[in-house]
Amino acid sequence: MTKTSDARFGATKRFPIRGHTGYVLALLAVSVVLMPVSKLISPSLGSWTTVSAILVVSSMLALVGFGQGLVILVGELDLSLPSTVALAGVLTTAWLSVTPSVLTFLQILGIAAVIGLVNGIGVAFLRVPSFIMTLGMQLIVAGAALGYTKGTVPGTTPDFLASVMLGKWWGIPIPIFLLVGMAVVGTVIQQYTRFGRKLYAVGSNRATAELVGLRVGLIVTGAFVVSAIAAALTGMMLVGYGGGATLGMGDVYFLSSIAVVVVGGSSILGGRGSFLGTVAAAIFLTTIATLIQAVGISQGWQTFIYGFLIVAVIGLLNRDLYARAFAPVSRLMQRGRSAPAAAN
Amino acid sequence: MGLALELTGLSKAYGPTKALQDVSFNVVEGQTHAIIGENGAGKSTLIRALAGLERPDRGSIRIQGRAYAPRNLKDSRRAGVSTAFQDLSLLPNLTVAENLFLPRLGRGLLVKRKDNEAAAREVLDKYRVGHISPNRTVDGLALADKQKLEIVRAISHQPKILLLDEPSAALPDVEWLYSLLADIRSSDLTILYISHRLAEIRDLCQTATVLRNGEVVDTVRVDEADDSRVFQMMGGATEGHGTEARQVRGVTGEPAIEVRNLSGQSIKDVNFTLQQGELLGVAALEGQGQGETFRILAGALKPAGGQVYVDDEAVTLNSTSAALRRGISFVAEERKTEGIFPGLSTLGNVTAGALRKVDRFGFLGGRREFASSVDVAREVDLNERYLRMDIDALSGGNQQKAVLARSLLQGSKYLLLYDPSRGVDVGTKGTIYGLMERFVNRGDHAVLWYSTDLAELSAVCDRILCFYRGSVVQELAGTDISVEALLAAITGHAGAEREAKA
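Residues numbered from 1 in each chain as written. Chains lettered and ligands numbered in written order. Predicted model: local features only at pLDDT ≥ 70, side-chain atom pairs only at ≥ 80, totals over all residues.

### As for the overall build of chain A
Piece 1. Within chain A, the secondary structure is distributed over 15 helices and 2 strands.
Piece 2. For chain A, the proportion of its 344 residues judged to be buried stands at 46%.
Piece 3. Counting only contacts in chain A whose residues sit at least 6 apart along the sequence, the fraction spanning at least 24 positions is 78%. (Helix = DSSP H or I, 4+ residues; strand = E, 2+ residues; numbered from the N terminus. Buried ≥ 20, exposed ≤ 12 C-beta atoms within 10 Å, placed from the backbone. Contact = placed C-beta atoms within 7 Å.)

Rendered as structure tokens:
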């Protein structure tokens, strides 16, 4: 046991967190193959315009997935992201277009931070299960957004957001640069800072984290705060990209923010995963969604297939599930093998 | 009278650990037979095998001459074997009555609550626990009542063979147990009685089997074996450790950690002083309050009363980070659940407790983190190539070294080590002893070390605290230390070591 198991994972790593680089590259490779292949389905696909559109949409999914990923990393879930995205979007059109200042910008992020703070305090200190806490917060924030707007979203898209999200540098949409920047900054935060390392430690083993002197409550709360801020930034990007805000603009992220983290190879139980995986999964899932749209079936069946695919991919990734599903088969095979032996 | 139970060549291994090796003994019908042994001697595995929770690798069991190979608890119950477990098997959210009758809660689909409670009332009265109300949920009961209920439930199945695993561990007095067993004793009922307490065994049992390291040392008539012989059988030959010349260390006599009248859930009036430069041993059977004492000192539990002094200063250790600020690091017993961070690299595991010392402007993963870990890794004899690997890929011994390296990196002056050498190979054990020696020789450092292995405690320590039932009952020092003396003290026979020597 000692020598063999030490040697089995003999590859040494500079990087102190479990590497799953191969998996991440595979996800990206599948997406890259799917993009031109999709031409067969619809001639409009596979062009640079569609590919860049996929990457632009991915950038928003990746950002909301970054926050969700940190929360999942500590072993919790944030279900309040959709309404946080929407509230931030609404406030962006209502406030930021009227007084486009850094202060207003920070005010909106501050409101998001408070949402995350309340989530964190409820989960980490009052011990409300994160599922309940954040689902409640989703309703509260959605209610606040509806109450504030009375159903019709005021204001318009701030000019600078539209120019960022729709603008181009050297023919490449600016959000693609944002996506690359996010991948770098997110990876550094998650894997090369004290804060990130603490998230890994807490998610890996909370009891040990407590015993080595980490302040688990503060760390978990921190993850929720960052998650809410990332959601608010996503809301702003959506406003710029879509040319306005709606109360339901965050709803797509309810499942996809979790899916993008898990499909990206992170453990839903916490402690394992990387942001690069999330970025790759964002591109992969957006590509799939675009393909489904192109097939030309109705909206309802599109959602049906998308949901089904997410569940299937997550199911396949879950090695325990896989093992359990095949346990009866392997048991039968074992019995088949041992039966003749018993006859001897 | 025939044989109720015949065990022949029973063996069970968990990986390289042999829990039972060729265990054979017989029990005559109608007798109460004791199983005696230290922690890890194989008593629990034996009980679990008899109860059908564990399948032995080899060997056979016969009950009244008939082959008996239970695959689960139901099989054992059908064969007339019933068990009162040490780690109580009651369901806390169900009522006393429901617990008594599970899995049979009434005929048909519906649970007949009134009938169940009436029947339970009868059972409780019959077995002298009439004060327990059948409609209360179990989690509201006192620990002693839970233990009584566990025993009553086992008896209520009208077994032919009754297995009692440490039945008195949570009972404040044994009167109840004595009268209950007197009530139910008959020529049809055979009892296997597992206990550390020799006095009880003398009162209740006729014969006894002594286990050590999973093997039967001997089966004896209780009235023919005196205490000192039993202790010797349990502890084994002292392997020459205890008599070796001890290295005199630089114990300065200055107090490092002082504990005065500490009390909590499982401890009362614990008093001791850990001195600067001292490697102080703690000996105890499982669950005698040593765990709570360690955790209070580590800031992980709050005491109910008493005072802790660190460096002559009264302190309140509210949290583990407060204890760390006072220079106290704790290594817990369960490496898997409280020691390592699975999924992180060994490097990440080593630095997790001292990120501020190894970062550069808040950033990690650089050369600095690696370099500062290499030093402590060397100190615990952990090969530096392991630092880059996932901790899950390391052997138990190397994981333990990484956990110890983490405590060293925290730079604490005082280490609380809770059974660090359990389940690790001999080489790692040697490393741990060496590490502790070097650590305390730094002068103003000290180690408080609990171990379940009495031989290693007696070989390494100059002074050992013996915990029993939540207090320090005896303190052995210098030449008074021997495995027999420790065994006697931790089983509640303080003073018996003199007889043992005579």
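So, next bit.
### Re the domain arrangement of chain A
Residue and element names in this part refer to chain A.
Piece 1. If you check the domain split of chain A, you get domain 1 (50-286) and domain 2 (296-335).
Piece 2. For domain 1 versus domain 2, the distance between C-alpha centres works out to 28 Å.
Piece 3. Across the boundary between the two partners, domain 1 contributes 4 residues, which contact 5 residues of domain 2.
Piece 4. Looking at the side of domain 1 that touches domain 2, its residues break down into 4 nonpolar, no polar and no charged. (Domains from an automatic or database assignment. Nonpolar A, V, L, I, M, F, W, Y, C, P; charged D, E, K, R; others polar.)

### Overview of the sheet that holds strand 12 (residues 270-275) of chain B
Residue and element names in this part refer to chain B.
Piece 1. Here we have 4 strands laid out as an open sheet, ordered 12-11-14-15, and antiparallel in their pairing. Here the strands that pair on one side only, and so sit at the sheet edges, are strand 12 and strand 15 (313-315). Sheet twist, expressed as the mean angle between neighbouring strand axes with direction ignored, is 20 degrees.
Piece 2. In the sheet, strand 11 (residues 255-263) pairs with strand 14 (residues 305-310) via 5 bridges, with the strands oriented antiparallel. Considered in strand 14, the bridge of E258 is made with Y309. (Pairing = 2+ DSSP bridges. Axes fitted to C-alpha atoms, helices over the stretch in contact; angles between N-to-C directions.)

### Regarding the confidence of the model for chain B
Residues and elements named next belong to chain B.
Piece 1. Put simply, chain B has an average pLDDT of 83, and 92% of its residues get 70 or more.
Piece 2. For the stretch residues 237-247, pLDDT sits under 50, and the model shows 14 contacts to residues farther than four places along the chain or on other chains.
Piece 3. This stretch, residues 496-502, has a pLDDT under 50; its non-local contacts, to residues over four places away or in other chains, come to 12 contacts.
Piece 4. For this predicted complex, the interface confidence comes out at an ipTM of 0.73, alongside a pTM of 0.72. (pLDDT = per-residue confidence, 0-100.)

### Concerning the pairing of strand 10 (residues 215-221) of chain B
Residues and elements named next belong to chain B.
Piece 1. As paired elements, strand 9 (residues 207-212) and strand 10 share 6 bridges and run antiparallel to each other. Counterpart to A208 in the pairing with strand 10 is V220.
Piece 2. Between strand 9 and strand 10, which pair antiparallel one after the other, the connecting turn spans 2 residues, and N213 there sits at a positive phi close to 50 degrees.

### Examining the nonpolar core
Piece 1. Of all hydrophobic cores here, the largest spans 235 residues; its most connected members are B:L416, B:C466 and B:L486.
Piece 2. Looking at this core element by element, the count peaks at 17 residues for helix 11 (residues 216-242) of chain A.
Piece 3. What B:C466 contacts, discounting residues up to four positions off in sequence, is B:A283, B:A284, B:V472, B:V473, B:Q474, B:L476, B:L486, B:A489 and B:I490. (Core = buried A, V, L, I, M, F, W, Y, C linked by C-beta atoms within 7 Å.)

### Looking at the environment of B:C466
Piece 1. Residue placement: B:C466 occurs in strand 19 (residues 463-468).
Piece 2. Put simply, B:C466 and B:S187 are 279 residues apart on the chain and 40 Å apart in space, counted from C-alpha to C-alpha.

### Thoughts on helix 16 (residues 426-440) of chain B
Residues and elements named next belong to chain B.
Piece 1. When the terminal C-alpha atoms of helix 16 are compared, their 22 Å separation across 15 residues agrees well with the 21 Å that a helix rising 1.5 Å per residue should span.
Piece 2. Of all the residues in helix 16, the buried ones are T428, T431, I432, L435, M436, F439 and V440. Along the axis of helix 16, the buried residues cluster in a sector spanning 155 degrees; they form a single face. Exposed residues pointing more than 90 degrees away from the buried face of helix 16 are listed as V426, G427, G430 and R438. (Expected span 1.5 Å × (residues − 1). Arc of directions from axis to C-beta.)

### Observations regarding the sheet that holds strand 17 (residues 414-418) of chain B
Residue and element names in this part refer to chain B.
Piece 1. Taken together, 6 strands build an open sheet; the order of strands is 16-17-18-13-19-20 and the sheet is mixed. Because the sheet does not close on itself, it has two edges, and the strands there are strand 16 (328-331) and strand 20 (471-477). Strand after strand, the sheet turns through a mean of 20 degrees between neighbouring axes, direction not considered.
Piece 2. Two elements, strand 16 and strand 17, share 4 bridges in a ladder whose sense is parallel. By the bridge assignment for strand 17, I328 is matched with Y414.
Piece 3. Its contacts with the sheet put helix 9 (residues 290-297) on strand 13 (279-283), strand 16, strand 17, strand 18 (446-450) and strand 19, and the angle it makes with strand 17 is roughly 150 degrees.

### What to know about the domain arrangement of chain B
Residue and element names in this part refer to chain B.
Piece 1. Segmentation of chain B into domains returns domain 1 (3-235), domain 2 (241-327 + 412-501) and domain 3 (343-410).
Piece 2. Listed per partner, the contact involves 11 residues of domain 2 and 10 residues of domain 3.
Piece 3. Counting residues per element, the side of domain 2 that touches domain 3 draws most heavily on helix 16, which supplies 4 residues.
Piece 4. Residues of the side of domain 2 that touches domain 3, tallied by class, amount to 5 nonpolar, 5 polar and 1 charged.

### Considering the environment of B:H493
All names here are of chain B.
Piece 1. Summarising the element assignment, H493 is placed in the loop between helix 18 (483-490) and helix 19 (496-501).
Piece 2. On the basis of neighbour counts, which here come to 21 C-beta atoms within 10 Å, the residue H493 falls in the buried class.
Piece 3. When the C-alpha atoms of H493 and R197 are compared, they prove to be 8.7 Å apart, with 296 residues separating the residues in sequence.
Piece 4. Residues in contact with H493, not counting those within four places in the same chain, are L198, D227 and A488.

### Examining unusual backbone geometry
Residues and elements named next belong to chain B.
Piece 1. Although it is not a glycine, N261 sits at a positive phi angle of roughly 50 degrees.
Piece 2. Inspection of the secondary structure puts N261 in strand 11.
Piece 3. Classification of N261 by C-beta neighbours within 10 Å gives exposed; the count is 12.
Piece 4. Backbone geometry at D381 places phi at a positive 65 degrees, although glycine is not the residue there.
Piece 5. For D381, a count of 18 C-beta atoms within 10 Å gives the class partly exposed.

### Regarding the packing of helix 12 (residues 253-263) of chain A against helix 13 (residues 275-295) of chain A
Packed helices, taken two at a time, are described by the angle their axes make and the gap between the axes.
Residues and elements named next belong to chain A.
Piece 1. The N-to-C vectors of helix 12 and helix 13 enclose an angle of 120 degrees; their axes lie 7 Å apart at closest approach. With respect to each other, helix 12 and helix 13 are oriented oblique. In this structure, the crossing between helix 12 and helix 13 has a hand that is right-handed. Residues S256, A259, V260, V261 and V263 of helix 12 lie in contact with helix 13, whose contacting residues are T278, A281, A282, F284 and L285.
Piece 2. When grouped by side-chain class, the residues that make up the contact of helix 12 with helix 13 number 8 nonpolar, 2 polar and no charged. (Parallel < 35°, antiparallel > 145°, perpendicular 65-115°, else oblique. Left-handed = near helix turned anticlockwise from the far one by under 90°.)

### Structural notes on the pairing of strand 14 of chain B
Successive side chains on a regular strand alternate, one facing one side of the sheet and the next facing the other.
All names here are of chain B.
Piece 1. Taken together, the 3 bridges between strand 14 and strand 15 define a ladder with antiparallel strand orientation. Counterpart to V310 in the pairing with strand 15 is E313.
Piece 2. Counted along the chain from strand 14 to the antiparallel partner strand 15, the turn is 2 residues long, and its residue D311 has a positive phi close to 50 degrees.

### Quick word on the packing of helix 15 (residues 396-409) of chain B against helix 16 of chain B
Residue and element names in this part refer to chain B.
Piece 1. With their axes 9 Å apart at the nearest point, helix 15 and helix 16 run at an angle of 15 degrees to one another. Looking at the two axes, helix 15 sits roughly parallel to helix 16. For the pair helix 15 and helix 16, the crossing hand works out as left-handed. Note on element contacts: helix 16 touches helix 15 through G427, T428, T431 and L435, opposite G397, Q400, K401 and L404.
Piece 2. Taken together, the residues of the contact of helix 15 with helix 16 sort by class into 2 nonpolar, 5 polar and 1 charged.

### Things to note about the environment of A:L126
Piece 1. As for its placement among the helices and strands, A:L126 is situated in the loop between helix 5 (102-125) and helix 6 (130-149).
Piece 2. When the C-alpha atoms of A:L126 and A:K150 are compared, they prove to be 33 Å apart, with 24 residues separating the residues in sequence.

### Points about the confidence of the model for chain A
Residues and elements named next belong to chain A.
Piece 1. Residues at a pLDDT of 70 or more form 86% of chain A, whose mean pLDDT is 82.
Piece 2. Within chain A, the lowest mean pLDDT, 33, falls on helix 1 (residues 2-8), and the highest, 93, falls on helix 11.
Piece 3. Of the regions scoring below 50 in pLDDT, residues 1-19 engages in 37 contacts with residues more than four places distant in sequence or in other chains.
Piece 4. Below a pLDDT of 50 lies the segment residues 337-344, which in the model reaches 0 contacts outside its immediate sequence neighbourhood of four places, other chains included.

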